[in-house]
Amino acid sequence: MANAAAQTPPATRDVTAISAVVITILIWASAFPAIRAGLQAFGPVELGAARFAIAGVPAALYLLVTRPGWPRGGEIWRILIGGVFFVAFYTVLLNIGEQTVSAGAAAFIINVNPIITAIFAMLLLNETFSGRAWLGTAVSFAGIGLIALGEGEGLRIDIGALFIFGAALCNTITTIAQKPLLKTHRPVTVAAWNIVIGAALLSPFIPSAAMQVPQAPTEALFATIYLGLGPSMIAYATYSVMLSKFPASRASNFLYSVPPISTLLGLLWLGEVPSLFAIIGGIMALLGVIIVNLAK
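Residues numbered from 1 in each chain as written. Predicted model: local features only at pLDDT ≥ 70, side-chain atom pairs only at ≥ 80, totals over all residues. Heavy atoms only, no water.

Peer 1: Tell me about the environment of Ser252, and please be specific about residues and values.
Peer 2: Note that Ser252 resides in helix 12 (residues 248–253). For Ser252, a relative accessible area of 0% puts it in the buried group. Along the backbone, Ser252 and Thr175 are 77 residues apart, and their C-alpha atoms lie at a distance of 8.1 Å. Sequence-distant contacts of Ser252, that is, excluding residues within four places in its chain, are made with Asn113, Pro114, Thr117 and Tyr239. (Helix = DSSP H or I, 4+ residues; strand = E, 2+ residues; numbered from the N terminus. Buried < 20%, exposed > 50% of the residue type's maximum accessible area, 1.4 Å probe, protein only. Contact = heavy atoms within 4.5 Å.)

Peer 1: Give me the lowdown on the nonpolar core, citing residues and values where you can.
Peer 2: Formed by 74 residues in total, the largest nonpolar core has its most connected members in Trp28, Phe52, Leu94, Ile110 and Tyr236. Here this core gets twelve residues from one element, more than from any other, and that element is helix 2 (residues 15–38). Sequence-distant contacts of Trp28, that is, excluding residues within four places in its chain, are made with Phe86, Pro231, Ala235, Tyr236, Tyr239, Leu255 and Val258. (Core = buried A, V, L, I, M, F, W, Y, C linked by side-chain atoms within 4.5 Å.)

Peer 1: So what's going on with the packing of helix 6 (residues 113–124) against helix 8 (residues 160–178)? Which residues, and what values?
Peer 2: For the pair helix 6 and helix 8, interaxial distance at closest approach is 9 Å and the crossing angle is 30 degrees. Considering only the axes of helix 6 and helix 8, their crossing is right-handed. Across the interface between the two elements, Asn113, Ile116, Thr117, Phe120, Ala121 and Leu124 from helix 6 touch Phe165, Ala168, Leu169, Asn171, Thr172, Thr175 and Ile176 from helix 8. Here the contact of helix 6 with helix 8 is composed, by residue class, of eight nonpolar, five polar and no charged. (Axes fitted to C-alpha atoms, helices over the stretch in contact; angles between N-to-C directions. Left-handed = near helix turned anticlockwise from the far one by under 90°. Nonpolar A, V, L, I, M, F, W, Y, C, P; charged D, E, K, R; others polar.)

Peer 1: Can you break down unusual backbone geometry residue by residue, with the values?
Peer 2: Even without being a glycine, Arg67 presents a positive backbone phi close to 45 degrees. Take Arg67: it is sitting in the loop between helix 3 (44–66) and helix 4 (76–98). Taking relative accessible area as the criterion, Arg67 reaches 69% and is therefore assigned exposed.

Structure below.
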């Protein structure tokens, strides 16, 4: 195993790693508007339950077919953290926050995650994060702020912001806790465990979600199905691949690409023309990601 690891190409030249980054960013960029669409018909907890009920079935089938074996005793708590924090808590907290916080402000708050992750990765995983990497992070974070200011509502912050900040912390906790798992387990297996555990925790709310289906508009139903198949099933798996290929701090930093890509999708899909602030902010966010990945 050690020799195989030594021959593994750098992540920046690894086709699998780059593909995982691109897929994760594109799909998660579309998740924020899809969540808002789903919340038109479902409560925040019910939307999470429906979303992961859809993702949980193929995830459970994957585990049944591949039979990866149970995690060892010292790994169980890391698996549980993924299901509890990255699926159940993250989803519900983000859904609650998006009920009252504007999309730009939500993106700004959730993107404290790469900063917190980098700090904890240095302290707990012995990762290095150079001065140039911190500069790139600052440029990206400032760009996200400009995207938020470019919205009509700007940085409107209320109690929902605390829920979104909590979601960011859930992401950080899971990233740090599960990074060591990816040395001995396949990334897709770790993602499947996360989804199945999270779906089980949210399952008591499925009957309530089912009661809301008859009154749900088609757009909301489509958004919920999409959230289950795309941002949940596929993107959780590709993010685990990212985390296995890159240091935790860098894998998290790639997510600064999500808001500008989301803005671009809004233009192409919905005809939403971004403001000058949003355009400049998007360029800054992407530039910061480039700086981080050029840093030694």
